[in-house]
Each structure stands twice: as C-alpha cells, then as structure tokens.
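As a plain string of letters, each chain reads:
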Amino acid sequence: MELDYTFMIETFYKVWGGIGTTLGLTALSLLIAAPIAFYMAVLRIKGNLIGSGITQAYISFVRGTPIILQILLLYSLLPSFLNVVVKALGSDFNVFDSVDPFWYAVVVFSLNTIALLAEVFRSALLSIPKGQLEAGVSIGLSEFQTYCKVIIPQAMVVALPAVCNITVNLIKGTSLAFLMTVKDVLAIGKIAASYGYNYIESYLDVFIVYLIVCTVIQLAYKFAEQHVGAFRAGA
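Residues numbered from 1 in each chain as written. Predicted model: local features only at pLDDT ≥ 70, side-chain atom pairs only at ≥ 80, totals over all residues. Heavy atoms only, no water.

> How should I be thinking about the packing of helix 2 (residues 19-46) against helix 5 (residues 101-126) in this particular structure?
Geometry of a packed helix pair, given as the angle between the helix axes and the separation of the axes. At a minimum axis distance of 5 Å, the contact between helix 2 and helix 5 shows a crossing angle of 40 degrees. One finds that helix 2 runs oblique with respect to helix 5. Between helix 2 and helix 5 the crossing geometry is right-handed. Tallied by class, residues from the contact of helix 2 with helix 5 come to 24 nonpolar, five polar and three charged. (Axes fitted to C-alpha atoms, helices over the stretch in contact; angles between N-to-C directions. Helix = DSSP H or I, 4+ residues; strand = E, 2+ residues; numbered from the N terminus. Parallel < 35°, antiparallel > 145°, perpendicular 65-115°, else oblique. Left-handed = near helix turned anticlockwise from the far one by under 90°. Nonpolar A, V, L, I, M, F, W, Y, C, P; charged D, E, K, R; others polar.)

Next comes the structure, spelled out in structure tokens:
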C-alpha cells in the first residue's frame, strides 16, 4: 500500500497543533500531583497510622485499576450520578455541560500521577539518612526548613530518573484524553484520518510527534539531573 505523503505532511502540522493540549495536561497534572504526593510520602515515612493507611489504600487502588476504568468512573459515572442527584433536588442545572472535558482529564491524570509520584518520593526520601533531619533541627532549623534546604535537594537527585519516566509515560497516557472528547495529539490524528481513511499516515504522524516530544523531555531531564547532581562530582 502506497502512503499518501502529501496527506502526511498536511496532517503532521495539524497533529502538532495538539501538542499544546497534551503538554498542558501533563504539566498541570504534575504540578497538582507533586505536592500532594510529597505529603503522602512524608506521612508514610513518619508512620502515621491513619494517614499512612489511607495513602496506602489510595495507591493500591490507583495502581491496581486500569486508567480507562478510572476515566469511566470520573468522566461517565460520576457526572451521571451527580445529574440524578441534581434532578432529584428539582434543579435545572446541567452537570454535563458545566465542566470543560479538559478539566476532567486533568483530574483523572492528576489522581493517577499522585499515586506514582508518592512511591517515588518515598523511596527518594528513604535514601537520605534520618540523621540529617535530626541534625537540621538541632542547629535551629524547623522541620520544614530542613526538608526544603537539606533533604529535598538531595532527594531530587535520586527521584529525577523515576520522575522522568513518569512524565514520559504521562505524556503518552494523555492520549486517552480523547475518550473524554479532549482534542489532543491522538484525537486530532484520528479525526483527520477519518475523512479519507488515511489511518496509517495519520498514526505515523502521531508516532513521530510523540517520539519528538518524549525525546526532548528525556534530554531536558537528563540535563536537569546532571545540574542538580553536580555536587556529587565534588564529593
């Protein structure tokens, strides 16, 4: 089968136009998830029974269920349930049209990323000797200051490779946002292909776009890892 290169070139620019949505979903999900995940990691390290138990249950649920199921729960079942409640209360409020699907996607991917980052942060924090926290407190720093100035900078070096993997997987995972009618890279490619059934050319464009973006992200993380880990070379 001969490829339609003219279609591929035209579609590539259309598909590339969706990269803003894909990166927006990724960036917002990471920004929302990171502080919550860090707090969960600290709760587990400190051994807080209630907080640690809830955190562990949440992580087990997210890691033990497919993300497509999580999308169905949050994007389909939850709004339907809320709509039934609203109608039962006699309100004309339209639950389905009140929230942009993009924000449903942000919530889904943020909740998923929280569970992944929490485990990464916990492992990174455990790699730092406990004596450093005690030493920081003993010289007059608060626990918060010790974490910010002593613990986190060192833990970042340990966590960055895993965070890079999570980021790359998140970029690829946002392709499922089309299930929530979000026009990301994959959705634009599918729509363009549907007119003339040029699915091979369109999916090749999508493949190239994801390859370029993920490669750039990995290089950026590699540079960041070398920069924040520069102190190790001196050691």
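> Sorry, what's going on with the layout of surface pockets here?
A probe as big as a water molecule, rolled over the atoms, marks out the empty space that is left. Here the largest pocket is characterised by a volume of approximately 400 Å³. Around the largest pocket, the lining is made up of 17 residues, and of these Ala-34, Phe-121, Met-156, Ala-159 and Val-163 lie nearest the centre. Elements with a minimum of two residues in the lining of the largest pocket: helix 2, helix 5 and helix 7 (143-173). Across the lining of the largest pocket, the residue classes break down as 17 nonpolar, no polar and no charged. In this structure, the second largest pocket spans a volume of roughly 240 Å³. Every residue along the wall of the second largest pocket is listed here: Ile-45, Lys-46, Leu-125, Leu-126, Ile-128, Pro-129, Lys-130, Leu-133, Glu-134, Glu-143, Tyr-147 and Ile-151. At the level of secondary structure, the elements contributing two or more residues to the lining of the second largest pocket comprise helix 2, helix 5, helix 6 (130-138) and helix 7. The residue inventory of the lining of the second largest pocket, partitioned by class, reads eight nonpolar, no polar and four charged. (1 Å grid on protein atoms, 1.4 Å probe; cavity = no way out; pocket = protein on both sides within 12 Å on 5 of 7 lines; lining within 4 Å. Points joined across faces, edges and corners; volume = space filled by probe spheres on them.)

> How do you make sense of the environment of Val-213 when you look at a structure like this?
Mapped onto the elements of the fold, Val-213 is located in helix 9 (residues 199-228). When its relative accessible area of 8% is taken as the criterion, Val-213 is described as buried. Each C-alpha atom of the pair Val-213 and Gly-20 lies 11 Å from the other, and the pair is 193 residues apart in sequence. Beyond its immediate chain neighbours, meaning those up to four positions away, Val-213 contacts Trp-16, Ile-19, Leu-23 and Ile-171. (Buried < 20%, exposed > 50% of the residue type's maximum accessible area, 1.4 Å probe, protein only. Contact = heavy atoms within 4.5 Å.)

> Hey, could you run me through the UniProt feature "transmembrane region" (unreviewed entry) in the chain in this one?
Per the UniProt entry, the sites bearing "transmembrane region" (unreviewed entry) are residues 15-40, 61-82, 102-121 and 203-221 in this numbering. Summarising residues 15-40: 92% helix, 0% strand, and an end-to-end C-alpha distance of 37 Å. Along residues 102-121 one finds 100% helix and 0% strand; the C-alpha atoms at either end are 27 Å apart. (UniProt positions renumbered as here; feature names shortened; annotations may be inferred.)

> Looking at this structure, I do not really get the UniProt feature "domain: ABC transmembrane type-1" (unreviewed entry) in the chain. What am I missing?
UniProt's entry tags residues 19-221 with the feature "domain: ABC transmembrane type-1" (unreviewed entry), counted in the numbering of this structure. Regarding residues 19-221, the helix share stands at 82% and the strand share at 0%, and the terminal C-alpha atoms are separated by 19 Å.

> Which parts of the structure should I look at to understand the packing of aromatic side chains?
Considering all chains together, one arrives at eight aromatic pairs under this definition. Summarising the aromatic geometry, the rings of Phe-102 and Trp-103 are spaced 5.2 Å apart at their centres and angled 90 degrees between planes, so their arrangement reads as edge-to-face. Aromatic ring contacts, followed pair by pair, group Phe-12, Tyr-13 and Trp-16 into a single cluster. (Phe/Tyr/Trp six-rings, centres within 6.5 Å; stacked < 30°, edge-to-face > 60°.)

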